[in-house]
Protein chains: 6
Amino acid sequence: MEKRVITLGEVMMRLSAPGCSRFTQATTLEVVYGGAEANVAVSLACLGIPAAHVTRLPENDLGKAACQSLQKMGVHIGHIHYGSERMGLYFLENGAMQRPPRIVYDRFDSAFAHIKPGTIDWEAIMKEASWFHWTGITPAISLGAAEVCMEALVAAEKYKVPVSGDINYRRNLWQYGKKVTDIMPALIERCDYLVAGLTDFENCLGWKSSSFEEACQKATDTLMKVKKVAFTYRESISASHNNLQGVIWDGNKFLESRNYALTHIVDRVGGGDAFMAGLIYGWISGHDDAFTVEFATAASALKHSIPGDVNTSTLEEVLQLVKGENTGKLLR
Amino acid sequence: MEKRVITLGEVMMRLSAPGCSRFTQATTLEVVYGGAEANVAVSLACLGIPAAHVTRLPENDLGKAACQSLQKMGVHIGHIHYGSERMGLYFLENGAMQRPPRIVYDRFDSAFAHIKPGTIDWEAIMKEASWFHWTGITPAISLGAAEVCMEALVAAEKYKVPVSGDINYRRNLWQYGKKVTDIMPALIERCDYLVAGLTDFENCLGWKSSSFEEACQKATDTLMKVKKVAFTYRESISASHNNLQGVIWDGNKFLESRNYALTHIVDRVGGGDAFMAGLIYGWISGHDDAFTVEFATAASALKHSIPGDVNTSTLEEVLQLVKGENTGKLLR
Amino acid sequence: MEKRVITLGEVMMRLSAPGCSRFTQATTLEVVYGGAEANVAVSLACLGIPAAHVTRLPENDLGKAACQSLQKMGVHIGHIHYGSERMGLYFLENGAMQRPPRIVYDRFDSAFAHIKPGTIDWEAIMKEASWFHWTGITPAISLGAAEVCMEALVAAEKYKVPVSGDINYRRNLWQYGKKVTDIMPALIERCDYLVAGLTDFENCLGWKSSSFEEACQKATDTLMKVKKVAFTYRESISASHNNLQGVIWDGNKFLESRNYALTHIVDRVGGGDAFMAGLIYGWISGHDDAFTVEFATAASALKHSIPGDVNTSTLEEVLQLVKGENTGKLLR
Amino acid sequence: MEKRVITLGEVMMRLSAPGCSRFTQATTLEVVYGGAEANVAVSLACLGIPAAHVTRLPENDLGKAACQSLQKMGVHIGHIHYGSERMGLYFLENGAMQRPPRIVYDRFDSAFAHIKPGTIDWEAIMKEASWFHWTGITPAISLGAAEVCMEALVAAEKYKVPVSGDINYRRNLWQYGKKVTDIMPALIERCDYLVAGLTDFENCLGWKSSSFEEACQKATDTLMKVKKVAFTYRESISASHNNLQGVIWDGNKFLESRNYALTHIVDRVGGGDAFMAGLIYGWISGHDDAFTVEFATAASALKHSIPGDVNTSTLEEVLQLVKGENTGKLLR
Amino acid sequence: MEKRVITLGEVMMRLSAPGCSRFTQATTLEVVYGGAEANVAVSLACLGIPAAHVTRLPENDLGKAACQSLQKMGVHIGHIHYGSERMGLYFLENGAMQRPPRIVYDRFDSAFAHIKPGTIDWEAIMKEASWFHWTGITPAISLGAAEVCMEALVAAEKYKVPVSGDINYRRNLWQYGKKVTDIMPALIERCDYLVAGLTDFENCLGWKSSSFEEACQKATDTLMKVKKVAFTYRESISASHNNLQGVIWDGNKFLESRNYALTHIVDRVGGGDAFMAGLIYGWISGHDDAFTVEFATAASALKHSIPGDVNTSTLEEVLQLVKGENTGKLLR
Amino acid sequence: MEKRVITLGEVMMRLSAPGCSRFTQATTLEVVYGGAEANVAVSLACLGIPAAHVTRLPENDLGKAACQSLQKMGVHIGHIHYGSERMGLYFLENGAMQRPPRIVYDRFDSAFAHIKPGTIDWEAIMKEASWFHWTGITPAISLGAAEVCMEALVAAEKYKVPVSGDINYRRNLWQYGKKVTDIMPALIERCDYLVAGLTDFENCLGWKSSSFEEACQKATDTLMKVKKVAFTYRESISASHNNLQGVIWDGNKFLESRNYALTHIVDRVGGGDAFMAGLIYGWISGHDDAFTVEFATAASALKHSIPGDVNTSTLEEVLQLVKGENTGKLLR
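### A few points about the overall build of chain A
In terms of helices and strands, chain A carries 11 helices and 15 strands. Relative to the compact-globule value of 20 Å for 332 residues, chain A shows a C-alpha radius of gyration of 19 Å, a close match. By its C-alpha atoms, chain A is 50 × 50 × 45 Å across when sized along the principal axes. Each of the 332 residues in chain A was classed as buried or not, and the buried ones make up 64%. Taking all contacts inside chain A whose residues are at least 6 apart in sequence as the whole, residues at least 24 apart take part in 68%. Accessible surface, chain A: about 11200 Å² in total, of which carbon and sulfur atoms supply 49%. In chain A, the 33 positive side-chain charges and the 37 negative ones have mean positions that sit 2 Å from each other.

### Focus: the environment of Pro185(E)
All names here are of chain E. Turning to its location among the elements, Pro-185 is positioned in helix α6 (residues 180-188). A relative accessible area of 26% places Pro-185 in the partly exposed class. Taking the C-alpha atoms as reference, Pro-185 lies 33 Å from Glu-59; in sequence the two are 126 residues apart. The residues contacting Pro-185, other than those within four sequence positions of it, are Val-180, Cys-204 and Leu-205.

### Re the interface of chain B and chain A
Buried accessible area, meaning the area lost when the parts come together, often serves as the stated size of an interface. The partner chain A presents 25 residues to the 25 residues of chain B that form the contact. Summed over both sides, the interface between chain B and chain A buries roughly 1800 Å², with carbon and sulfur atoms accounting for 63% of that surface. At the boundary of chain B with chain A, the tally comes to four salt bridges. Residue Arg86(B) pairs with Asp106(A) through a salt bridge whose shortest N-O separation is 2.6 Å. Among the secondary structure elements, those contributing two or more residues to the side of chain B that touches chain A are β2 (12-16), β3 (28-34), α2 (61-72), β7 (89-93) and β8 (102-106) of chain B.

### Side note on the pairing of β3(B)
When strand β3 (residues 28-34) of chain A meets β3(B), the two strands line up antiparallel, connected through three bridges. Residue pairing across strands places Thr28(A) opposite Glu30(B), the latter belonging to β3(B). Direction of pairing for β2(B) relative to β3(B): antiparallel, over a ladder of five bridges. Note that in β3(B) the partner of Ser16(B) across the bridge is Glu30(B).

### Some points on the packing of helix α9 (residues 271-284) of chain D against helix α10 (residues 289-303) of chain D
Residue and element names in this part refer to chain D. At a closest axis distance of 7 Å, the pairing of α9 and α10 adopts a crossing angle of 150°. Regarding the angle of α9 to α10, the classification is roughly antiparallel. Our pair here, α9 against α10, has a crossing hand that is right-handed. Contact with α9, carried on its side by Gly-271, Ala-274, Phe-275, Gly-278, Leu-279, Tyr-281, Gly-282 and Trp-283, involves Asp-289, Phe-291, Thr-292, Phe-295, Ala-296, Thr-297, Ala-299, Ser-300 and Lys-303 of α10 and no other residues of that element.

### Some details on the relation of the copies chain A and chain D
Overlaying chain A on chain D yields an RMSD of 0.0 Å, the required transformation being a rotation through 120° with an accompanying axial translation of 0.0 Å. Here the copies are linked by what is in effect a three-fold axis. Judged by C-alpha distance, His264(A) is the residue of chain A that lies nearest the rotation axis, at 4.1 Å. By residue overlap, the copies meet through two different surfaces: only 8% of the interface positions of chain A are interface positions in chain D.

### Remarks on the packing of aromatic side chains
Under the counting rule described, the total for this entry stands at 78 aromatic pairs over all chains. Consider the rings of Tyr281(D) and Phe295(D), whose centres lie 4.6 Å apart with planes at 25°: the pair is stacked. Taken together, the positions of Tyr281(D) in helix α9 and Phe295(D) in helix α10 put the pair 14 residues apart, joining distant regions of the chain. Taken as a pair, Tyr281(D) and Phe295(D) share a single burial class, namely buried. Seen from their ring centres, Tyr90(F) and Tyr105(F) are 5.8 Å apart, and the 35° between their planes marks the pair as tilted. Taken together, the positions of Tyr90(F) in strand β7 (residues 89-93) and Tyr105(F) in strand β8 (residues 102-106) put the pair 15 residues apart, joining distant regions of the chain. Ring pairs connect the aromatic residues Phe212(A), Phe231(A), Tyr233(A), Trp249(A) and Phe254(A), which therefore count as one cluster. Against the face of Tyr193(A) rests Lys227(A), its NZ or CZ located 5.7 Å from the ring centre.

### Here we look at helix α10 (residues 289-303) of chain C
Residues and elements named next belong to chain C. Spanning 15 residues, α10 covers 21 Å between terminal C-alpha atoms, matching the ideal 21 Å at 1.5 Å per step. With 13 of its 15 residues buried, α10 lies for the most part within the structure. Its side-chain oxygen 3.3 Å from the backbone nitrogen of Ala-290, Asp-288 forms the N-cap of α10.

### Looking at the relation of the copies chain B and chain A
Between chain B and chain A, the superposition needs a rotation of 180° and an axial shift of 0.0 Å, giving an RMSD of 0.0 Å. The transformation just described matches what one would write down for a two-fold rotation axis. No C-alpha of chain B lies nearer the rotation axis than that of Leu29(B), which sits 2.6 Å from it. When the interface residues of chain B are mapped onto chain A, 100% of them are again interface residues, pointing to one common binding face.

### Some words on the sheet that holds β8(B)
Strand pairing in a sheet relies on backbone hydrogen bonds. The paired strands run either parallel or antiparallel. Pairing within the open sheet is mixed, and its eight strands lie in the order β8(A)-β7(A)-β2(A)-β3(A)-β3(B)-β2(B)-β7(B)-β8(B). Edge strands, defined here as strands with exactly one partner in the open sheet, are β8 (102-106) of chain A together with β8 of chain B. Direction aside, the axes of adjacent strands within the sheet are offset by 25° on average. Each of β7 (89-93) and β8 of chain A together with β2 and β3 of chain B touches α2(B); the most contacted strand, β3(B), lies at about 60° to it.

### Considering the confidence of the model for chain A
Predicted confidence across chain A gives a mean pLDDT of 96, with 100% of residues reaching 70 or more. For this predicted complex, the interface confidence score (ipTM) comes to 0.94, while the overall pTM stands at 0.96.

### Observations regarding the interface of chain A and chain D
If you look at the interface, chain A gives 25 residues, while chain D gives 25 residues. Of the roughly 2100 Å² buried between chain A and chain D, counting both surfaces, carbon and sulfur atoms make up 55%. The largest contributions to the chain A side of the interface with chain D come from Arg22(A), Met97(A) and Gln98(A), which together make up 31% of the buried area. Viewed at the interface, chain D and chain A are joined by two salt bridges. Where Arg102(A) meets Glu317(D), a salt bridge forms, and the shortest distance between an N and an O atom there is 3.0 Å. The interface formed by chain A and chain D includes eight residue pairs in polar contact (both at pLDDT 80 or more).

### Quick word on the state of the cysteines
Should the sulfur atoms of two cysteines be covalently bonded, the bond is a disulfide. Residues and elements named next belong to chain B. Using the criterion set out here, one finds zero disulfides over all chains in the structure. Here Cys-204 stays unpaired: no disulfide links it, and the sulfur of Cys-191, its closest cysteine neighbor, is 11 Å away. Note on Cys-204: relative accessible area 1%, which makes it buried. Cys-191 supplies the cysteine sulfur nearest to Cys-216, a cysteine that is in no disulfide, at a spacing of 14 Å. Judged by relative accessible area, Cys-216 falls into the buried class, the value being 0%.

### What about unusual backbone geometry?
Residue and element names in this part refer to chain A. Phi is positive for Met-97, close to 55°, though the residue is something other than glycine. Mapped onto the fold, Met-97 is located in the loop between β7 and β8. Since its relative accessible area comes to 1%, Met-97 is described here as buried.

### Focus on the environment of Gln320(B)
Within the secondary structure, Gln320(B) sits in helix α11 (residues 315-323). For Gln320(B) and Phe295(B), which are 25 residues apart along the polypeptide, the C-alpha to C-alpha distance reads 9.9 Å.

### Section: the side chain of Thr312(C)
Along the chain, Thr312(C) turns up in the loop between α10 and α11 (315-323). When its relative accessible area of 12% is taken as the criterion, Thr312(C) is described as buried. Among residues more than four places away in sequence, those in contact with Thr312(C) are Cys46(C), Met73(C), Ile306(C), Glu317(C) and Arg22(E).

### Thoughts on the nonpolar core
The biggest cluster of nonpolar side chains holds 126 residues, and the ones touching the most others in it are Met13(C), Phe91(C), Met13(D) and Phe91(D). When sequence neighbours within four positions are dropped, the list of residues in contact with Phe91(C) reads Leu15(C), Phe23(C), Leu29(C), Arg102(C), Ile103(C), Val104(C), Asp106(C), Met13(D), Leu62(D) and Leu89(D).

### Here's the deal with the sheet that holds strand β2 (residues 12-16) of chain F
If you walk across this open sheet you meet the eight strands as β8(E)-β7(E)-β2(E)-β3(E)-β3(F)-β2(F)-β7(F)-β8(F), and the pairing is mixed. Each edge of the sheet is formed by a strand with only one pairing partner; in this case those strands are β8 (102-106) of chain E together with β8 of chain F. This sheet shows a mean twist of 25° between the axes of neighbouring strands, independent of strand direction. Strand direction decides the pairing type here: β7(F) and β8(F), joined by five bridges, are antiparallel.

Calculation rules
Residues numbered from 1 in each chain as written. Chains lettered and ligands numbered in written order. Predicted model: local features only at pLDDT ≥ 70, side-chain atom pairs only at ≥ 80, totals over all residues. Heavy atoms only, no water. Helix = DSSP H or I, 4+ residues; strand = E, 2+ residues; numbered from the N terminus. Rg over C-alpha atoms; globule rule 2.2 N^0.38 Å. Buried < 20%, exposed > 50% of the residue type's maximum accessible area, 1.4 Å probe, protein only. Contact = heavy atoms within 4.5 Å. Areas by Shrake-Rupley, 256 points an atom, 1.4 Å probe, with all protein chains shown as cover. Lys, Arg positive; Asp, Glu negative; His and termini not counted. Charge placed at Lys NZ, Arg CZ, Asp CG, Glu CD. Buried area = accessible area lost by both parts, 1.4 Å probe. Salt bridge = Lys/Arg side-chain N within 4 Å of Asp/Glu carboxyl O. Pairing = 2+ DSSP bridges. Axes fitted to C-alpha atoms, helices over the stretch in contact; angles between N-to-C directions. Parallel < 35°, antiparallel > 145°, perpendicular 65-115°, else oblique. Left-handed = near helix turned anticlockwise from the far one by under 90°. Least-squares fit on C-alpha atoms with pLDDT ≥ 70 in both. Phe/Tyr/Trp six-rings, centres within 6.5 Å; stacked < 30°, edge-to-face > 60°. Lys NZ or Arg CZ within 6 Å of the ring centre and 35° of its normal. Expected span 1.5 Å × (residues − 1). Polar contact = N/O pair within 3.5 Å; in protein donor to acceptor, adjacent residues only side chain to side chain. pLDDT = per-residue confidence, 0-100. Disulfide = S-S within 2.5 Å. Core = buried A, V, L, I, M, F, W, Y, C linked by side-chain atoms within 4.5 Å.

So, in C-alpha cells, the structure goes:
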C-alpha cells in the first residue's frame, strides 16, 4: 500500500449566497464541504499524491455528505470518526468589487470540537504516512482538538514523518480557556515546514520581530525542527482583484515566485490551502525551493478561478501555468 | 393602535434540498425562515389579523434575514431581541412517494435558547394584545424559554388576553434537565384553547385516557381555563398523499370538518401551524366552531400546496375553499 | 408553395412563478410566449400542418423574442406587423392541489390592441390559406381587433377557406365600449366549425337553451355556415387533477372521446388550444368525427404534461395515445 | 414616533435577463422591485434612517409583492395607496464588456401614473417628516403625478421640512402634453438640495451655461431655496468598468470625493439613487460636505457590487470603504 | 480485506431535460452517471455491502467525473480501465402523465465498447469477490464486451463466486454482427440467479413458453446452474403512476411481494437495478426468498422517488418500508 | 425571393459547465447549438443579411432541437438533410482568470460526418446564393464532407457566387486517412476571401513564410481566385482578459482595426465566427476594407460579451461600437 499524506482538521459545510448576492437576498445557498486541512488533502489527491484526512463528523446525513465529498475526490476516509454532535458550518457572502466577502461562522460545539485524545490510532496511521499536515485552526477549536493534534505530532516524530504546519492564527477562535501562547509553541516546534507570516509569529510565539526576514531567521535558527518557512503576500485591490506572490525562506534566504495579477476572482476561499498543497507537492517530490514556490503560487492562483474551497487542478494544469505558456488560452 | 395577536417562539433558518433530491445529492439548499409560532403570526397577518412575533435572534446577517422575512409579510417585529449566540437551523429533505421527509435539527444553543426571564416586557406587550399563542416547543428548548413562556402566560392572564397553546410534544427536545411533566401542566392549564392529541395529553399531563373524547372531556372539565380542544387527523398514504380532517371539541361534542384528500403534496411542513392560525382567525372573529373547524382545516389543506413553512393564503382564498366552489379551477 | 392554416390573435409574454411558488415568493419568473390562436398554429406545425400566424407585435426586443418563439417552431412569421406600443403580458401562478392557478392579465394598450383595419392584406393571405382560425378573445380586445377579425372572415369566405372559431368568452375583456352581442353574432355565423359551450352561446348570442344539445342543434340549424360544434368537459378535482372529455356535435348527434384522468397536471394553460389544433388536424386531414374527437382530446391531454402554453407533441405521439398502447411507458 | 424621511415616486417591477444573457436568450427573468425614490428610502432604512415611501400601486398580487419588498427592508408602507390600474414595469438586459445594458420601459398607464391631487394627505405626512425627497421622473410621468409632487413640496415648505430633488431628466417620459420647462422650474426652486448635471439645468430650466460651475453658482444664487448642488461624474470604459467621482457644490466651491475604479460591475442600476441616499444621510446627520461627498460616493460605489436596484449596505459597511481600510478584503 | 460484490458494465453520462420539460425546451440538461450494473454496485454500497465496479472509461474529464460519481458513493474503483475512445451517453426526457419518457441513446463506439479480452485480471478480482453480477446489456454492446463477460463468468465459476444475471434484452443494441441467441445461452447458463421475464427467455434462449411459470420451471430444471428466477410486474397507468410487484421463483413456486401503487413518480430509470440490488442484498445476507422479494421490491419502489439512476436508500430506510410503518410520514 | 448567404458545416450540441465551474463539479450542463459556419449564418441573419445553412443532422429530438435553434434566429433551414447517425457534441469548461477553457470534442461518426457527395443539390442552391462560406473544419471531418465541400465550390464557381473560406486548421481532426495538404490546396484556391494566419498557410499549403505579410502577398499573388486575406491577432492575458485586433490584407497592404481590451470575457467561443460574419457583412454590402475590418472586429469584440457560440448583435449595435460612442453606457 502506498503511503499517504495525512491531514487533520475539521470539515465544515459551507453555505454560500449565489454569485454576488447578499445574505439577505439569497433564497438558495450553495453547498460545498471544506476545511483548511481537508482542502490540502483533496488538492494533493488531485495532484496525484495519495492522501487521507482524519476528522470527526456528525453521524447524520450531513456528516455522510461531507465524507462523500472527500471520497469523491479520492481522499482516503478510513480514519474518519463519527459522533452525535453537530456539523460545523460557515456561511459565506462572496463579495465583489469594493465590497468585501463576509463570513458567519457557526462551528462551535461541532462533532470535531468534541474529539478526545485516544480517539485516533495515530501509531497505526503514522506507520503508513508519507507526511503530516496540520494548521493552527485545529488547536484553536477545543482543548481536545489541541491534544489530538499534539498526539499526532508525537507519533509523527516517532515514525519520522515530515510535518508541515500552517499557523493561520484566527483571533475569533481560541475560546476554550487556553491562551494561544500556552498551546501553540509546543506544536510549532514539532514542525519541519511552517507557513506563517510576521503577525502569526507574534501572536502564536510572542515574537516581536522587526521584519519578516528576522522572524524567519529566528524560526529556522531556534525552533527545534523547523527548516523552512513559506508565506504568501496578498495585496487586495478589491474583492475582485488581488495580487499574489509566494515566498519560501530556505534557512538563509527568500525564494520568490512571480507576482500574479488575480483579476476577475471567482472564489477567494482556500487560496492559502492550495498554496500549502503546492508546497507539500514540491517538497515531497524532491523539487528545489525555487520550483516549489513557483508551483505553490501557481496552484494558489488557479484556486481563485475555481468555485468552492478546493483547488482541483491537476499536476499538468499547474505545470502549464508555471511554464507560463498560453495562459488562459483555449486549446482545441 | 390596533391590538395584535402575540406569538412567542424560535425562528429557525430552514435549509431544504431542492425538489425531491436527497441531502447527499443537493448542491444548493433552499432557504426560508420559520418556526411553529412565527408561522401562525405570518398566516394571521395574511388573513388580515394584526400580529406581532416575540423572539430572540442572533445579531448577525442571518438573524437580520430572519427578521426581514417576518417584516416582509407584515408581522410586527418591534418586540424582537438580539443576542450574540447562533441561529437555530433545520435541514429538510422533502421526501416523495413512499420515501418519508427527513429533518436534521441543529437548534441547540441558539440565541432563542439563551433567552432569559426579564428580557421581554410582557406587561407592555399584553396591554396591547388581542390574543396570545405559544406551543409546547418553546418550553422544551431551555429552562429560560420555559420561564419566559410562563411570564407571558401570567401577564396574559392579568390583562385578560385569550390564550391558545399547541401542545406539540417533541421527544427529541427536552434535554435541559427538566421532565416535560414538571413544566407543561402549569403552562397548559393557563390556556383557553388547546391543540392536542391523545398522546400529547399522555406525554405532557400523564393522562392515560381510553379515547381522545375522554381526554378532551377531562381537559375541559378539569383544567382551570381550557374551554376547547382542537386536533387534526392525518392519514399518511405516502409522503405525496395524505388525508386530513380537523376536529374541535367544544366542551361537549366534536365538530368535524370535511376530509381533504391531499394528493400531490408540495410541502408538508407547517400544516399544523396553518390549522392553528385558522382556529385563531375563527375564534377571534367570533365565528362558531362549525365554521372555525372548516376554515382551519381548509387553511391547513392549502398550506400543503405552498412551498415553505407558512400558509400565505388570503382570507378570500381560504373562504373560497371552504365554500368548495371551483376547487383548483383556473378563473381568468 | 404549400397552403397554410392561418391563425389571427395576440401573442403575449407569459411570466410564471416557478413550480408551485406564489407570486409573492418568486424571485424569478419563467418566460414563454403564447396566445390562444398562436398556440393553435404552433401545435399544427408540430403535427406537420403548415401554419402562419397573423398578429401585431411591439417593435422592441420583447416583440422580437415573441416572433422568434413562433419561428423556432416552424410557424411562418411573414405576415406579422410591428408597432410602437407595448407587449401584452400575463402573469401566472400555477396553483397546486386545492389551490387554483391565478392569472394577472396586463394586456391593455398592447401593439395588438392597436391593430387597425387595412393593416393586414387578407386577400393575399387567404389566397394561400388552407384554413382560418380565430377566437372570441380577439374581438374582445379592441374595436380595431374586432374589425380586423371581420375583414379576415370576409376574405376567407371570398376564397372559400374553411373557418373555425373558438368562442372562448372572457368577461374581463370587452372593455372598449361595445357589447359582446353587438359584435360576436356576425363573426360566429361566418364559421364552419365552432368550439363553444352552453354559456358561450348564451353570452355571445343571447341564447337561453335548456341543454347543450339544444344549443348545438340550434347552432347547426340556424347559423348560416356552422356545420359542427365541439367542446370539452372538464371536471376539476383539484388544480393537480382534472378529468377531461371531448365531444363533437356533428349536426345530429354527439361523438364522445374517452375520458382522461389528468392526475399530476404539469401545466393546465393551453389545454383548449391543443384540443382546437387537434380538431383542425382531424378535419383538415379528412378524418371522421369519431377519430377527430379522440385525436383532439388526446392532444389536449398531452398538453397538460408539457410546460408552457403549447402542445408540442408530434403526430406520432398523439396517435400513440389515441391507440392507448403503453401509456406513459418508457420504451428504450 | 420618530420622524421619517419621506420619498415619493413610482415603484416598478424590474424583470432582468439573468447574468449576461440577452433578452432573446432568457427563459427566466429575475424580479426585483424598485424606483429611483423608493431606492433612496430603502438605502436610508439600511443606513439606520427611518424612511417612508409614498406611492400608488395596483391592487393585485404584483402590487402586494412590490409593497412587501419595501416592508421587508423596513420602509414604512402606511402611506401607500392602491388602484385598479397596472403595475409599471421595466425589462433590463445587463450588458457586459463593450455591450451596453438595454432597458425596455413599460410603465405607461400604471397605477402611479393615475395618481390624482388630493389622494395623499400631505399635511399629516409632513408633520412627521424629517426630510422630503423627489426626482424629476415623477413629474414626467403624468400631470397628476406632477401635481401631487407640487402638493408635497407646498406641504414640506409649510412644515419646514428640508427638500432634496434629483433632477434626473428623462427625455423618453414627458409624453402627457406639458413641456418640461412648464413644470420643472416651480418644483426645482422649492428644493434645498439638488442633484443635477449641466444638461439637467439646460433641459429643465433652459439655462445655457458654459460650465457646470457656472450653472451651480447660478442655481445657489438665483433659485429661491437651493443651497447645494451635487453630482457624479461617471466615465464609461465599458459596461463592466466605470470610473466614478462625486462632487458637492456648497454655494462657493466644489468638494470632490476620491475617484473609484469600478471594475467588475455587478449591477449598474441605482448607482445614482445610492449616491442620493448617501447625501441625505450625510446632510441629515449634520456631517460636513467633505465627509458627505465621500460617504455618498462610497455608497454609490458599493451599489455597483449588489444585484438589484438598491444599495443595501449598512452604515458600518459604507464607513469602512470611506476609511479605505482593507478594501474588498475577507475578514474572518 | 473484505470481499466485494463485483459488477461489470458500461457507465454512461445521463443528460436529462429538467423536470417535465421536453428536449426542444431544455436550455440546461441535468447530469448524472449510471449504468444498469454500476447502479447495482452503488445501491449495494449504500446498503452496506462492499462493492466494486469493473468498466472501461474514456481518459478525459468526463471519464474522470463518471469514476468520481462511483467513488463518492463508496464503490471501489480500483479495477476501472481507461482508453482513448468516447464516453457513452444517453439523453432522457422524463415524461409525465400520459406522455411517456423518451430516451436518445448515444453509446456506440464508447470506451467500454472497445474493451478487449485480457484487459481485466479476472483471476485476481474473483479471488476477492463475494458475488458477481452482469446484465444482458454488456454482451449486446460489442463482441469484446461479450467476451470479457464470458471471461468473468469462467473466473467466477473457478473461484465459486455466486453469479446473478439480469437478462434485460434490448433490441436496439446487438448491432455488432452476432445474434443474441449465439451469445446469450452460454452466458445465461453460468448464472445461479436470473432476473428475466417471459419475453427475455424467448428472445435470448429461443424458448416459446405458454406461461412465465413454465419458463421459470424450465430455467431451474434445465439450465446448468440456475437456481432462482426473479422478476417485477409493472403496470403503467401513466408516466406518473405505475403499479409494481416483485416475484421470485424458487425452483418450485413463486414468492410474491406486496403490490406498490407508485403514484407521483419522480424518476423511473433504474427501478429494475434497485430491485436487483435488493435481491443480491437478501440472498448474500442469507435471507429467505419471502423476505428477499419484499426487500427488493421495496428498494425498487423507493428508487422511483429518487432523482437519478440509483437507489441511494440505506438499509434502515428499505427495512422501514418493508415493515410498512409510517409510510411517507415525517418523523421529527 | 431574396438571395441568401449559404454556409456549410456541422452543427454541434454544445454542453457547457455553468459559470466558472469545472466538469467534475457540474450537475447541470448548459445547452446551445453551434458550429463555425452555422454561427456565421446566424450572425448574418441578425445583421439583416438573409442566410441559409446546409448541414446533415440526426433524425431525432436532438437534431430537431439543433434545427429549431437556427430557425429561431431566422436562418433558412430548407436545405438541411437528416440521417440515422448521431449528433456531434462538444463539452466546454469556460475557464476563468489564469485557468484556460477546456473542450472535450465528441463529434466523430456524426450524421454530418456521414454526408456523401450527391446529397446536396448545390446547383439549385447556388442559383439563389449571394455568397458561399465554408471553413477548414468541414474537410477535416470526413472524406465525404471534404467532397461535398468541393461540390459546393465547383457549383459556386459556376454560378459566380463569391466564396469565403476560414482556414481554421485543427490538428485533432483530419483522422480519416487523408493528409491536410492532399485536400486543402484545391479548396483554398477556389476562395475569393480567406481568413488565415501564418501557421494556417504553413499547415494547409506547406508554405514556410518568414512573415504573415509575405504569406498574404503570396496568397493574393499566386492563388487562383484569392483577393483578400483577413485575420485577428489575439493576445491572451488570461481566460478573462484578451486583447483583440483585426487586419485585412487587401492585396497590397494591411488595414488594421483598433485594438480592443476584452476584459471581463463572458464567452470566448465563436469570436472568430463573429469576425467572419462581420467581414462578409462588410464585403457583401460594398463597404471598403477600412470600414470592414473595424466592423468585423467590433462584431467579434461584442461576441465575447454574449453567452453561447453566436454573436446575436444587430447592425445598429455593431455600428454603435464602431463609432465608439458611449461604449457600454446605459441609455434610458
